[in-house]
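This is what each chain is made of:
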Amino acid sequence: MTTSAWTPTPRRFADTALAALAPICACVLALGALAVWTATGNAGTPARVGVTDARLFLPSRGVPETAAFFKITNTGGDQDRLVGVTSSEVPEGISLSSHRMTAGGAAYRRPTESLPVPAEGTLDMSPLSSDVTVPAAARWQAGDLVPFTLHFEHSGRMEVLAVVVRPGS
């Protein structure tokens, strides 16, 4: 019995080409669809945060803490998170807080690990929503500028100067 070597025939070439054609077409179609989706702006953009209206309440006498507020705008297509705040003027004890209302209408502050900055939206801190709780320094006067570094999950660090203001102004 003799064994013949495999020999290419036009039929074998056609079968091989057809077997390879389906996955190649699927890949080209998927790549084209992704290119169109990205080109039309649907793939999103990374978070791009900016900070304005940075203020620090002038501490009241005898009160160990005060609050800092920032307006953080995200013009990107992805959400970011404020995960921490530091300051060269405050060695330790700065924390993030969210505010909640009780059924009786009283407000209380609750420490939180992070604050969301929505995609194409704003985190506008206020006494009614959220703040940065800061240990009070007796040396601060209205109009002083206090440096803060805001730390974001995706956007990294941002240096900001907050103006010391009297509460309610």
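Notes on the structure in this doc start here. Predicted, not measured: the structure shown is a model, and the values here were computed from it. Residues take numbers from 1 onward in each chain, read along the sequence in its written order. The predicted origin of the model limits local features to residues at a pLDDT of at least 70 and limits the giving and counting of side-chain atom pairs to 80 or more, whereas totals for whole chains, interfaces and linings rest on all residues. Computation of side-chain values covers all heavy atoms of the structure but excludes hydrogens and water.

### Here we look at the overall build of the protein chain
Line of reasoning, step 1. The helix and strand tally for the protein chain stands at one helix and ten strands.
Line of reasoning, step 2. Strands here mean DSSP runs of E at least two residues long; helices mean DSSP runs of H or I at least four residues long; both are numbered from the N terminus. What you see in the protein chain, going N to C, is helices and strands ordered as α-β-β-β-β-β-β-β-β-β-β.
Line of reasoning, step 3. C-alpha atoms define the radius of gyration, and 2.2 Å times the number of residues to the power 0.38 defines the globule rule. For 169 residues, the compact-globule estimate of 2.2 N^0.38 gives 15 Å, and the C-alpha radius of gyration of the protein chain, at 29 Å, exceeds that figure by more than 25%.
Line of reasoning, step 4. When its C-alpha atoms are laid out on the principal axes, the protein chain stretches across 105 × 35 × 30 Å.
Line of reasoning, step 5. Remark: exposure states derive from per-residue accessible area (1.4 Å probe, protein chains only) relative to the maximum for the residue type, with buried under 20%, exposed over 50%, and partly exposed in between. Across the 169 residues of the protein chain, 30% fall into the buried class.
Line of reasoning, step 6. Contacts are assigned to residue pairs that have any heavy atoms within 4.5 Å of one another. Across the protein chain, every contact between residues at least 6 apart in sequence was considered, and the portion connecting residues at least 24 apart equals 66%.

### Notes on the pattern of salt bridges
Line of reasoning, step 1. Any Lys or Arg side-chain nitrogen located within 4 Å of an Asp or Glu carboxyl oxygen qualifies as a salt bridge. In total, this model carries five salt bridges according to the counting rule given.
Line of reasoning, step 2. Two residues, E65 and R109, come together in a salt bridge whose shortest N-O distance is 3.2 Å. Of the two residues, E65 sits in strand 2 (residues 65–74) while R109 sits in strand 5 (residues 107–112), which places them 44 residues apart along the sequence.
Line of reasoning, step 3. The exposure class assigned to E65 is partly exposed, which follows from its relative accessible area of 39%.
Line of reasoning, step 4. For R139, the salt bridge is made with E89, and the minimal N-O distance between the two is 3.8 Å. Separated by 50 residues along the polypeptide, R139 in the loop between strand 8 (130–135) and strand 9 (145–152) and E89 in the loop between strand 3 (80–86) and strand 4 (95–101) bring together distant segments of the chain.

### Here's the deal with the pairing of strand 10 (residues 156–165)
Line of reasoning, step 1. Inspection of the sheet shows strand 1 (residues 49–57) paired to strand 10 by three bridges, in the parallel sense. Bridging across to strand 10, R55 finds its partner in V163.
Line of reasoning, step 2. Two strands form a pair only when DSSP identifies at least two bridges running between them. Here strand 9 pairs with strand 10 via eight bridges, running antiparallel. Bridge pairing links V146 to A162 in strand 10.
Line of reasoning, step 3. The hairpin turn running from strand 9 into strand 10, its antiparallel successor, is three residues long.

### Concerning the nonpolar core
Line of reasoning, step 1. In this description, a nonpolar core means a group of buried Ala, Val, Leu, Ile, Met, Phe, Trp, Tyr and Cys residues linked to one another through side-chain atoms lying within 4.5 Å. In this structure, F70, I72, F148 and L150 are the most contacted members of the largest nonpolar core, which totals 32 residues.
Line of reasoning, step 2. The residues touching I72, leaving out its near neighbours within four places in the chain, are V49, G50, V51, L82, V117, G121, T122, L123, M125, L150 and F152.

### A closer look at the environment of V160
Line of reasoning, step 1. Turning to its location among the elements, V160 is positioned in strand 10.
Line of reasoning, step 2. The buried category is assigned to V160, whose relative accessible area is 11%.
Line of reasoning, step 3. C-alpha of V160 to C-alpha of F70: the two residues are 90 residues apart in sequence and 9.3 Å apart in space.
Line of reasoning, step 4. Once you skip the residues sitting within four places of it in the chain, V160 turns out to touch V51, A54, F70, V146, P147, F148 and L150.

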